[in-house]
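Architecture and fold: a report
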Amino acid sequence: MQAKLDELIKAARAEIAQAHSPNDILNLKAQYLGKKSVLNSLYSELRSLNPEDRPAFGQKLNDARIQIEGFLFEQEKSLKLKAWEQKSQVSGIDLSMPGIIRQRGGLHPLTIIQREIEDTFMAMGFEIAEGFDIEDEFHNFDALNTPEDHPSRNLADTFYLDNGFLLRTQTSTVQVRVMESYKPPIRIISPGRCYRNDKPDPSHSPVFSQVEALVVDEGISLSDLVDTLQHFASIMFGGKVRSRIRPHFFPFTEPSAEMDISCVNCGGTGCRVCKNSGWLEMGGAGMVDPNVFQILGIDAEKYSGFAFGLGIERIAMLKYHIPDMRILFENDLRMLRQFS
Ligand code: PHE
């Protein structure tokens, strides 16, 4: 019996090594391991052995089966490899060549912050309004109650285009566009790029981004503005941050204010980031000037509103500890990769 088994393994090895196709493999599998195989018949012969010899021989049969399965597996693998090699020769493509790793891009830090700001305001029930980068004097200045001789209209400050249009200097243009088209109640924010003829330095860039907020309804007061600012600041910078407003002037708000938050670096005790004042400037704000309502046909007796404009770069710089605004516009991969 042992001889029979050795013979069988030898024959199986030789014949399986000759297999040429997946079909050959299937047939040989049936021939050597199937129901009608020699191996299977040897299993039935076990019964004719002495009971004490059975376990040892049973083990041998199992070993033989495992060996034959191994032959089949190896031959199948080498057939597949050959087919694959042939295919790649025919197509001229080396399928074994390592692939090119494509690096995925990431979001620009300003985009990340803009989306965070949008999420924060949307959670408060604001909608997002869009405006235009190229605007006319009406939307950028006139409708915002800005007099003809106001310094911000100056060529030294504003980029005028040859066709009489200009690059908007503030997202407040969107206040005008929204109030032109929609009736109160209004509750929108509008993030976007603005342009001013400023020399680049650590805190200025001729292209920068603001997010405008405008709320118009019956009974809106300055405390709604303060509340919204405080809520926004604590979501963006954490619960401990405080906010305040200081009197200021804008032609399109009355009263006007500037918004500060307590320094997110030192907590308000004074440091380099806040120039020892304990406060950081966030942007301009105020109650919509009744003149603006009048220009845009909104009943100033019935409605009141607040507006503010936040600097997005400022927020990004504070959140990511970026010391110089220009870094945000240089597209240096060493900086950008830190956000991907
Ligand atoms: N547009 C103003 C600026 O660019 C900011 C501002 C927005 C002020 C809304 C008041 C109300 O500085």
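Above: the structure in question.
First things first, this report covers the structure right here in the doc.

Quick notes on the rules
- Along each chain, the written sequence defines residue order, and numbers are assigned to residues from 1.
- Per-residue local features of the predicted model are confined to residues with pLDDT of at least 70, and side-chain atom pairs are confined, for both listing and counting, to 80 or more; whole-chain, interface and lining totals are unaffected and use all residues.
- With hydrogens and water set aside, each side-chain value is computed from the structure's full complement of heavy atoms.
- We call a residue near a molecule or strand whenever a single non-hydrogen atom of that residue lies within 4 Å of it.
- Polar contact criterion, stated in full: a pair of N or O atoms within 3.5 Å, where within protein one must be able to donate a hydrogen and the other to accept it, and residues adjacent in sequence count only if both atoms are side-chain atoms.
- Residue exposure ignores everything except the shown protein chains as possible cover, and the areas themselves are Shrake-Rupley values with a 1.4 Å probe.
- Only runs of H or I of at least four residues qualify as helices and only runs of E of at least two qualify as strands under DSSP, and these elements are numbered from the N terminus.
- Three residue categories are used. Nonpolar comprises Ala, Val, Leu, Ile, Met, Phe, Trp, Tyr, Cys and Pro, charged comprises Asp, Glu, Lys and Arg, and polar comprises the others, including Gly.
- Exposure is judged per residue with a 1.4 Å probe applied to protein chains only, and the accessible area is read against the type maximum: over 50% gives exposed, under 20% gives buried, and values in between give partly exposed.
- Any two residues having at least one pair of non-hydrogen atoms within 4.5 Å are treated as being in contact.

Lining the immediate environment of the ligand, one finds 14 residues, of which Gln170, Ser172, Arg196, Gln210 and Glu212 sit closest. Within the side chain of Arg196, an N or O atom sits 2.8 Å from an oxygen atom of the ligand. Take Gln210: an N or O atom from its side chain is 2.9 Å from an oxygen atom of the ligand. Within the complex, the protein chains bury 92% of what would otherwise be the 330 Å² of accessible surface of the ligand. Elements with a minimum of two residues in the shell around the ligand: helix H7 (172-181), strand E5 (207-217), strand E8 (279-288) and strand E9 (304-311). Here the shell around the ligand takes 3 residues from E9, the largest share from any one element. Within the shell around the ligand, the residues separate by chemical class into 5 nonpolar, 7 polar and 2 charged.

Relative to the assigned elements, Ser243 resides in strand E6 (residues 243-250). Taking relative accessible area as the criterion, Ser243 reaches 17% and is therefore assigned buried. Side-chain polar atoms of Ser243 contact the side chain of Gln230, separated by 2.7 Å. Non-local contacts of Ser243, meaning those with residues more than four positions away in its chain, are made with Val226, Leu229, Gln230, Asp260, Ile261 and Trp279.

Read these as layout, nothing more, since geometry by itself doesn't imply function.
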